[in-house]
Number of protein chains: 2
Amino acid sequence: MRVYNFENDTSLSTDELYMKEALRLAQRAFEEDEVPIGAIIVSQGKIIGKGYNLTERLNDVTAHAEMQAFTAASNFIGGKYLKDCTLYVTIEPCVMCAGASYWTQISRIVYGAKDEKRGFTKFNQQIIHPKTEIIGGVMEEDCATLIKSFFRNKR
Amino acid sequence: MRVYNFENDTSLSTDELYMKEALRLAQRAFEEDEVPIGAIIVSQGKIIGKGYNLTERLNDVTAHAEMQAFTAASNFIGGKYLKDCTLYVTIEPCVMCAGASYWTQISRIVYGAKDEKRGFTKFNQQIIHPKTEIIGGVMEEDCATLIKSFFRNKR
């Protein structure tokens, strides 16, 4: 099942173009029967880390898309800090991933749809590093649709 | 440098005995010039996961002691949930690790010394799964001494 039509892009903003890449990864998770969330890390116009949720395949609750993207980007850079980077993630980060983002000191977080249950904004803004700018709602509908379809199929 | 005298145990409680194991791992981190925090996961009297902080060696801010212990325990069990397990960790978990513990649905968290800056209790109790019991202050002084010595040496 293909929820998002990747062929139908006309005039997307830069954030939307990168979110589309995150959505592609979320779609891959969907096809592997994982909760469909995708993430990429961008530095100076280059994707330096990618991840999609693999909690089922790896039997590991820490294997969220963002965690894998953080680790991949750190490996790529050869350093722990992602100071001039942006995280694009299809769903608002959970407390764990937001807490991880704090340690990376990442510059920007752009997410698609909100997570009303475990999204970090529900908790405490201080979870996020004070230097991190947050932008929500990029391609929100597409991001939300993919995850809603997944859970609809499960019920 | 050996901060904690492991030979000097007389009548430790079960929690203290396990905390001592976590302290051993923290000591190993200390010797490798990593922020000295150690963690173990115990299930039915058996250590099923271990970890110590490896953020420097792995160049990865997500490589906290607890995260590695969670992953190791999940691998051991072959399942994502740590429902009848206890996490012993020398320092109060940060937001990321507390957020991870939520997903594991772990039964108990026992920590040694508080982390006033990024310890989860500073933020929001709901970060922790409602089924998780929290016990702080086990071998608090030993746990605190090790980490203080580390940072004292750095300055």
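A few points on the structure.

Calculation rules
Along each chain, numbering runs from 1 in the same order as the chain's sequence is written. For naming, the first written chain is A and the first written ligand is 1, with later ones following in the order written. With pLDDT at 70 or above as the cut-off, local features in this predicted model cover only qualifying residues; side-chain atom pairs require 80 or more to be listed or tallied, and sums for whole chains, interfaces and linings still use all residues. Heavy atoms from the whole structure form the basis of all side-chain values; hydrogens and water molecules are not counted. In this text, helices come from DSSP runs of H or I with a minimum length of four residues, and strands from runs of E with a minimum of two, each type numbered from the N-terminal end. Only C-alpha atoms enter the radius of gyration, while the globule expectation follows 2.2 Å times N to the 0.38, with N the number of residues. Any residue under 20% of the maximum accessible area for its type is buried, any over 50% is exposed, and the rest in between are partly exposed; the area is computed with a 1.4 Å probe on protein chains only. Any two residues whose heavy atoms approach within 4.5 Å are treated as being in contact. Per-residue and other accessible areas were derived by the Shrake-Rupley procedure at a 1.4 Å probe size, with only the shown protein chains allowed to occlude residues. By the counting rule applied here, Lys and Arg register as positive and Asp and Glu as negative, while His and the ends of each chain are not counted. For this purpose, a charge sits on NZ of Lys, CZ of Arg, CG of Asp or CD of Glu. Accessible-area loss on putting two parts together, using a 1.4 Å probe and summing over both, is the definition of buried area adopted here. Any Lys or Arg side-chain nitrogen located within 4 Å of an Asp or Glu carboxyl oxygen qualifies as a salt bridge. Polar contacts here mean pairs of N or O atoms no more than 3.5 Å apart (in protein, one a potential hydrogen donor and the other a potential acceptor; neighbouring residues in sequence count only if both atoms are side-chain atoms).

**Quick look at the overall build of chain A**
Next, step 1: If you tally the helices and strands in chain A, you get four helices and five strands.
Next, step 2: For chain A, the succession of helices and strands along the chain, N to C, is α-β-β-α-β-α-β-β-α.
Next, step 3: Scaling as 2.2 N^0.38, a compact globule of 155 residues should have a C-alpha radius of gyration of about 15 Å, and chain A matches this with 14 Å.
Next, step 4: If one aligns the C-alpha atoms of chain A with their principal axes, the spans along those axes are about 40 × 35 × 30 Å.
Next, step 5: Taken across its 155 residues, chain A has 57% of its residues classed as buried.
Next, step 6: Of the contacts formed within chain A by residues at least 6 apart in sequence, a portion of 60% connects residues at least 24 apart.
Next, step 7: Approximately 7,000 Å² of chain A is accessible, and the part contributed by carbon and sulfur atoms is 46%.
Next, step 8: With 19 positive and 20 negative side-chain charges, chain A shows a spacing of 4 Å between the two charge centroids.

**Details of the interface of chain B and chain A**
Next, step 1: The interface is formed by 29 residues belonging to chain B together with 29 residues belonging to chain A.
Next, step 2: For the pair chain B and chain A, the two sides together bury roughly 2,600 Å², of which 62% comes from carbon and sulfur.
Next, step 3: When the area that chain B buries against chain A is broken down by residue, the three leading residues are B:K80, B:W103 and B:R118, summing to 26%.
Next, step 4: Taken together, the links from chain B to chain A amount to two salt bridges.
Next, step 5: We note a salt bridge from B:E56 to A:K80, for which the minimum N-O separation is 2.5 Å.
Next, step 6: In this structure, the connection of chain B to chain A is made through 10 residue pairs in polar contact (both at pLDDT 80 or more).
Next, step 7: Taken together, the elements giving at least two residues each to the side of chain B that touches chain A come down to α2 (55-58), α3 (65-77) and α4 (95-104) of chain B.
Next, step 8: No other element matches the seven residues that α4(B) contributes to the side of chain B that touches chain A.

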